[in-house]
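Fold and geometry: a report
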Amino acid sequence: MGNILITGCPHSGDDAGMLRQIIAGACVESSHLLHVLHILQQKFLHVSETAIREVATMLALPYSQVEAVVEFYSFFHKTPRGKYDILFSNCICCGYLADGTDLMAMFGRRLGIVAGRTREDGLVSMDQTSCIGMCDHGAALLVNGMPVTGLDGSLLERIAILIEDRVPLEDWPSEWFQIEDSIRMSGMLLDHEMPRGDSLRTMLALGAEASLNEIIQSGLRGRGGAGFSTGMKWKSCRAAQGAAHYVICNADEGEPGTFKDRLLLHRYAHSLFEGMTVCAYLIGANLGYLYLRGEYRYLLPHLQSVLLLRRETGLLGTNICNQPGFSFDVQIVVGAGAYICGEESALIESLEGKRGIPRVRPPFPVSHGYLGQPTVVNNVETFVAAACVVQKGSAWFRAMGDEVSKGSKILSISGDCASPGIYEYPFGVSIRQMLEDCGAADTYAVQVGGPSGVLIGSPEFDRRLGYDDLPTGGAVMVFDKSRDLMSVLVNFSRFFSHESCGFCTPCRVGTVLLRDRLDKIFSGRGAQTDLEEILHTARLMKQHSHCGLGQTAANPVLDGLQRFPQVLGKFLLNRDFEPDLDLEKALAEGRRIRKGNDTIACADRGGQ
Ligand SMILES: Cc1cc2nc3c(=O)[nH]c(=O)nc-3n(C[C@H](O)[C@H](O)[C@H](O)COP(=O)(O)O)c2cc1C
Ligand code: SF4
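This text gives an overview of the structure that appears in the document. Small disclaimer: the values here were computed from a predicted structure and weren't measured.

What follows is about the overall build of the protein chain. Across its full length, the protein chain carries 24 helices and 15 strands. For the protein chain, the spread of C-alpha atoms along the three principal axes comes to 90 × 65 × 45 Å. Across the 608 residues that make up the protein chain, the buried fraction comes to 56%. Long-range contacts, defined as pairs at least 24 residues apart, comprise 72% of the intrachain contacts of the protein chain with a sequence gap of at least 6. On the protein chain, roughly 24,400 Å² of surface is accessible, and the fraction owed to carbon and sulfur atoms is 51%. For the protein chain, the separation between the mean place of its 57 positive charges and that of its 69 negative charges on side chains is 3 Å.

Think of a sheet as strands paired side by side through backbone hydrogen bonds, with each pair either parallel or antiparallel. Overall, mixed pairing links the 5 strands, which are arranged β2-β3-β1-β4-β5 in an open sheet. Bordering the open sheet on either side are β2 (117-118) and β5 (146-148), each of which pairs with just one other strand. Most of the contacts of helix α5 (residues 103-111) go to strand β3 (residues 124-129), to which it runs at about 170 degrees, and overall it touches β1 (84-89) and β3. Together, β1, β3, β4 (141-143) and β5 form the strand contacts of helix α6 (residues 153-164), whose direction differs from that of β1 by roughly 160 degrees.

With that settled, the discussion passes to the site of ligand 1. Around ligand 1, 18 residues are found, and the nearest of them are Gly224, Glu344, Asn378, Asn379 and Thr382. Lys233 is positioned with one of its side-chain polar atoms (N or O) 3.1 Å from an oxygen atom of ligand 1. A distance of 3.2 Å separates a nitrogen atom of ligand 1 from a polar backbone atom of Gly342. When residues of the shell around ligand 1 are assigned to their parent elements, the largest contribution, 3 residues, is made by strand β10 (residues 375-379). For the shell around ligand 1, a count of residues per class yields 3 nonpolar, 9 polar and 6 charged.

If you look at the biggest cluster of nonpolar residues, it comprises 173 residues, and the most contacted ones within it are Phe88, Trp172 and Trp234. Per-element accounting of this core gives the leading share, 9 residues, to helix α11 (residues 269-283). For Trp172, the contacting residues outside a window of four places in its chain are Tyr84, Val143, Ile159, Leu162, Ile163, Val167 and Phe177.

Below, the discussion takes up the sheet that holds strand β9 (residues 329-334). Strands sit in the order β9-β8-β7-β10 across an open sheet of 4 strands; the sheet is parallel. Both outer strands of the open sheet, β9 and β10, are each paired with one neighbouring strand and no more. Taking each pair of neighbouring strands and ignoring which way they run, the sheet shows an average axis angle of 20 degrees. The pairing of strand β7 (residues 245-251) with β10 spans 5 bridges and is parallel. In the sheet register, Cys249 faces β10, and the bridge partner there is Asn378.

Moving on, we come to the environment of Glu352. One can find Glu352 in the loop between α13 (344-351) and β10. C-alpha separation for the pair Glu352 and His32, spaced 320 residues apart in sequence, amounts to 8.3 Å. With sequence-adjacent residues up to four places away left out, Glu352 is seen in contact with Gln65, Arg359, Gly369, Tyr370, Leu371 and Gly372.

Applying the stated criterion across every chain yields a total of 18 aromatic pairs. Taking 5.0 Å as the distance between ring centres and 65 degrees as the angle between the ring planes, the aromatic pair formed by Tyr289 and Tyr370 counts as edge-to-face. With Tyr289 in strand β8 (residues 285-292) and Tyr370 in the loop between α13 and β10, this residue pair connects regions lying 81 residues apart in the sequence. Classification of Tyr370 as buried rests on a relative accessible area of 8%. Against the face of Tyr296 rests Arg293, its NZ or CZ located 5.2 Å from the ring centre.

As for its placement among the helices and strands, Asn379 is situated in strand β10. Judged by its relative accessible area of 9%, Asn379 is buried. In this structure the side chain of Asn379 is engaged in a polar contact, spanning 2.8 Å, whose partner is the side chain of Lys260. A polar contact is formed between the side chain of Asn379 and the side chain of Asp261, at a distance of 3.0 Å. Setting aside residues no more than four positions away along its own chain, Asn379 makes contact with Arg223, Gly224, Cys249, Asn250, Lys260 and Asp261.

Our next topic: the pairing of β10. Most of β10 sits out of view: 5 of its 5 residues are buried. Taking every second residue as pointing to the same face, both faces of β10 are buried, with Thr375, Val377 and Asn379 on one and Val376 and Asn378 on the other.

Cut-off values and rules
- Within any chain, residue numbers begin from 1 and follow the written order of that chain's sequence.
- By the order in which they are written, chains take letters starting at A while ligands take numbers starting at 1.
- pLDDT decides what is reported in this predicted model: residues at 70 or higher carry local features, side-chain atom pairs at 80 or more are listed and counted, and totals for whole chains, interfaces and linings draw on all residues regardless.
- Excluded from the side-chain calculation are hydrogens and water; included are all heavy atoms of the structure.
- Secondary structure is summarised from DSSP: a helix means a run of H or I of at least four residues, a strand means a run of E of at least two, and numbering begins at the N terminus for each.
- Relative accessibility thresholds used throughout: buried, under 20% of the residue-type maximum; exposed, over 50%; partly exposed, between the two (1.4 Å probe, protein chains only).
- By the convention used here, residues are in contact when the closest approach between their heavy atoms is within 4.5 Å.
- Surface accessibility in these figures is a Shrake-Rupley result with a 1.4 Å probe; residues are shielded only by whichever protein chains are displayed.
- Neither His nor the chain termini are counted; the positive set is Lys and Arg, and the negative set is Asp and Glu.
- For this purpose, a charge sits on NZ of Lys, CZ of Arg, CG of Asp or CD of Glu.
- Following DSSP output, two strands are said to pair if at least two bridges run between them.
- Here, axes are lines fitted to C-alpha atoms. For helices the fit covers the stretch in contact, and angles between N-to-C directions go from 0 to 180 degrees.
- For this purpose, a residue is taken to be near a molecule or strand whenever a single non-hydrogen atom of the residue falls within 4 Å of it.
- Think of a polar contact as two N or O atoms within 3.5 Å of one another; within protein, one of them needs to be a possible hydrogen donor and the other a possible acceptor, and neighboring residues in sequence only count if both atoms come from side chains.
- Residues are grouped as follows: Ala, Val, Leu, Ile, Met, Phe, Trp, Tyr, Cys and Pro are nonpolar; Asp, Glu, Lys and Arg are charged; all remaining types, including Gly, are polar.
- What we call a nonpolar core is a set of buried Ala, Val, Leu, Ile, Met, Phe, Trp, Tyr and Cys residues that are connected through their side-chain atoms within 4.5 Å.
- Pairing of aromatic rings covers Phe, Tyr and Trp, the last through its six-membered ring, and needs centres within 6.5 Å; plane angles under 30 degrees mean stacked, over 60 mean edge-to-face, and all others mean tilted.
- Here, a charge over a ring is recorded when the distance from Lys NZ or Arg CZ to the ring centre is within 6 Å and its angle to the ring normal is within 35 degrees.

Encoded structure:
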């Protein structure tokens, strides 16, 4: 399990000499800012002011930049976390409420701790975090970065005992940390067994021009969601002028309900790196990065071992496949809990050691990407597919799918179904077929593409997976008739308000307004005016937000209003207006403190 299990030492994190030593040690592996901060966070359970100063000095970065990065990413903290740092997923599918019981509250009561706090003895801290990509395994948490899934009362009790007994994570039952790959249906990509290096050898035999042409002809489009032609992206980058070209694999996979890249990183890492290496050759890059979401940090030792093997077997490094001048290597940078870093320009900012704030586009990464140089950013699945296309040929790929959407799509199906997991389908498959295959019954609604995607109901279950109908980065969340869809909408709105990077006002304010309106409606205090406010806010967000997060954050509630008006409607009072302030709730705390009622409060005031 590598270095992830290190638990904090008792030092305050303010001893400058020791800090310098640790930072120097971290830099032996990588001097990337995120890497150094991860090491400090693990070691001291926080990143102190002194640590920030030392990092800034040693990495020759402005103090303000290092401090801003520590404050931006949710996995870094300026005050100490517990020796056991517990983060419950709050996703609708793998979250602490997933089975109807509030598991986080239960755990908190058991250990005498509340969410967002570190216990006074410093042993344990607990909080919630956005989806950790374990939706095929039930309720899940991270303990010191390691995922534990299938949570229920008895497993949490066993975890609590180990924590109170101060048992090191290394000695916890190892099966708790084993994440099954749950492939339920495989197709042209997952079934394809590719001898290592075969794509590279085929590409070298074909030549760069012809290989690039194969990618273009295949019709392969980006699998991260936006669906841009992969071949055209590579071609533009190849043609762009720059001192260096870069390849970046986007393994941030933060969209709730998406976990197919987790499988690919685990089982198909060779194909992924092969795809990146093909890309490097075709665009003229010598260096690539895999940006791995912090929640998948547990995969790091495995990925590093695959890279090492590829270097040892001449598939990475210099003169790859004995081709003089063909040099390429991959470095892995681990993110730190920020969904926005999946947006490609925010990801590049993060790779450059900054906060993940999306850039103004154009210019696009293909001409002005990492360090201002021509850069290809592709999703994990896109690189895997590209490697297969080069090896098998474009005709093989085009033979699957439909006119607009070629090949297959790997889906993460979760929610109310008997067999959640990974399903690979040719494009064109209907939602109805997927529901049948995953054992869904009494399905009320399906969220395609995660919270930023589309929410549909049963009249639309014959719609099809594809760029001209229902595109998806990979998430399909199933909700049956026992589910209160309003709680789903509330969950999604909280997700977006939490994950907004705060850079632009329409999104920063809009996501909070949407969340608060939905909370208000959910609590039974909603009125018709709230729906009008929601529509107005959603319009502003769509039109004026700086990036895709803000532009799509209102999708679930808009779909809810359009397709499931009864879901919101049943919470509305027959009033035209209901104030935002819940007066009774606001007074309750004051009454509690005064141990009295409003008469006493008035009498107090009168006596002044
Ligand atoms: C808020 C936001 C989050 C995103 N998250 C991811 C992600 O986790 N993985 C991903 O591949 N693309 C993500 N994207 C899309 C990327 O910006 C980009 O389009 C993609 O990495 C390009 O790769 P592709 O062409 O192979 O799809 C996200 C976009 C937005 C707006
Ligand atoms: S839309 Fe949201 S996430 Fe995107 S830049 Fe604006 S505030 Fe940040």
